Amino acid sequence: MSEPEIALVFSPERWVEDLHRYCVDHGGARIRCVVIDPGVALDEDYGVLVVSHRWPGLTAGFVDAVHTRGRRVLGVADPAEPAAARHLELVRVDHVVTADAGAAALVAAVVAIAPDRAAIHPGPAPADAAVPAAEPTGGVVVVGGPAGGGRTEVAIELARRLAARGRGAVLLDADDVAPAIATRLGLPIEPNLRSAVDAVEYGLGDVAGTLVDVGDGLAVLSGLPNVGAWS
């Protein structure tokens with residue numbers, strides 16, 4: 001039986017380098033390509049995609065598109081982050097391994113889930129197999145500009161108008177210089193963007209709980225209370 005081929009998603013995490021070296025030195029699986037862009041992961045010819053839970057391109061729609069091509073996805077979760085494994089399960093990867101399991105365990109997992117070679121469909125998929133969205137979503141509008149230019153007022157009014165259309169809207173203050181939406185709307189400094197990051201990255205609460213309902217279909221996620229918190 002030939003060694004399964006891996007598409008390894010690039011990440012600065014230590015396990016990525018360890019897996020690459022193990023495959024070169026000991027075999028068991030072969031690194032076919034290193035992936036940065038999701039499009040490459042869909043176009044290349046391989047059997048198993050190995051990916052960190054932190055990769056921004058890892059969505060349920062993307063995993064479904066990989067599956068459509070007859071390939072499998074092995075998710076690697078940081079054991080120190082409680083929400084990591086759950087995220088991988090929600091996007092429907094085929095198997096989850098913790099990052100501290102070691103390269104040999106990762107290779108064993110690849111071998112266990114690798115598809116038959118005949119089941120893999122290389123190259124671009126037809127138009128009707130394009131990457132589907134994980135779920136119906138709305139649009140994203142980004143408001144920026146120089147300090148003092150009225151960007152906060154524009155963002156608030158735009159969000160109110162969008163919410164008034166009846167589908168609801170979330171106003172997120174991502175200003176990294178002078179977050180001001182909480183002050184302008186008289187909201188508390190907590191919960192804020194840091195609370196939402198902690199919910200996603202570490203499983204501390206949920207994102208919905210970080211949103212403040214200000215009425216008329218508009219929810220607000222306040223910015224960080226001080227510039228020093230951005231690091």
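Report follows, based on the coordinates. Here the residue numbers are simple positions, counted from 1 along each chain's written sequence. Reporting in this predicted model follows two pLDDT cut-offs: at least 70 for local features of residues, and 80 or more for side-chain atom pairs to be given and counted; totals over whole chains, interfaces and linings ignore these cut-offs and use all residues. Remark: hydrogens and water are excluded; side-chain values derive from all non-hydrogen atoms of the structure.

Observations concerning the packing of helix α1 (residues 14-26) against helix α5 (residues 103-113)
In step 1: Simply put, an axis is a line fit to the C-alpha atoms, just over the touching stretch for a helix, and the angle between two N-to-C directions goes from 0 to 180 degrees. Only DSSP runs of H or I covering at least 4 residues are called helices, and only runs of E covering at least 2 are called strands; the numbering of each starts at the N terminus. Axis separation between α1 and α5 bottoms out at 9 Å; the angle between their running directions is 70°. Here α1 lies roughly perpendicular to α5, going by the angle between them. Residues Trp15, Asp18, Leu19, Tyr22 and Cys23 of α1 pack against Ala103, Ala104, Leu106 and Val107 of α5.
In step 2: Classification used: nonpolar for Ala, Val, Leu, Ile, Met, Phe, Trp, Tyr, Cys and Pro, charged for Asp, Glu, Lys and Arg, polar for all others including Gly. Of the residues assigned to the contact of α1 with α5, the class counts are 8 nonpolar, no polar and 1 charged. Relative orientations are named as follows: roughly parallel for angles under 35 degrees, roughly antiparallel for angles over 145 degrees, roughly perpendicular for angles from 65 to 115 degrees, and oblique for any other angle. Here a residue-residue contact requires only that any non-hydrogen atoms of the pair lie within 4.5 Å.

Digging into the sheet that holds strand β6 (residues 169-172)
In step 1: The rule for pairing is simple: two strands pair if DSSP sees at least two bridges between them. An order of β6-β8-β7 is seen for the 3 strands of this open sheet, with the pairing classed as mixed. Of all strands in the sheet, those with a lone pairing partner are β6 and β7 (212-215), marking the two edges. Averaged over all neighbouring strand pairs, the angle between strand axes comes to 30°, with direction disregarded.
In step 2: In the sheet, β7 pairs with strand β8 (residues 218-221) via 3 bridges, with the strands oriented antiparallel. Bridge pairing in β8 places glycine 215 opposite leucine 218.

As for the side chain of aspartate 78
In step 1: On the secondary structure map, aspartate 78 appears in the loop between β4 (72-77) and α4 (82-90).
In step 2: Within the structure, aspartate 78 has its side chain in polar contact with the side chain of arginine 54 (distance 2.8 Å).
In step 3: Within 3.5 Å is the distance limit for a polar contact, defined as a pair of N or O atoms, with the added protein rule that one can donate a hydrogen and the other accept it, and that residues adjacent in sequence qualify only through two side-chain atoms. From its side chain, aspartate 78 meets the backbone nitrogen of alanine 80 in a polar contact 2.9 Å long.
In step 4: Once residues within four sequence positions are removed from consideration, aspartate 78 is found in contact with His53, Arg54, Ala84 and Ala99.

Interpretation in functional terms is not warranted from these geometric data alone.
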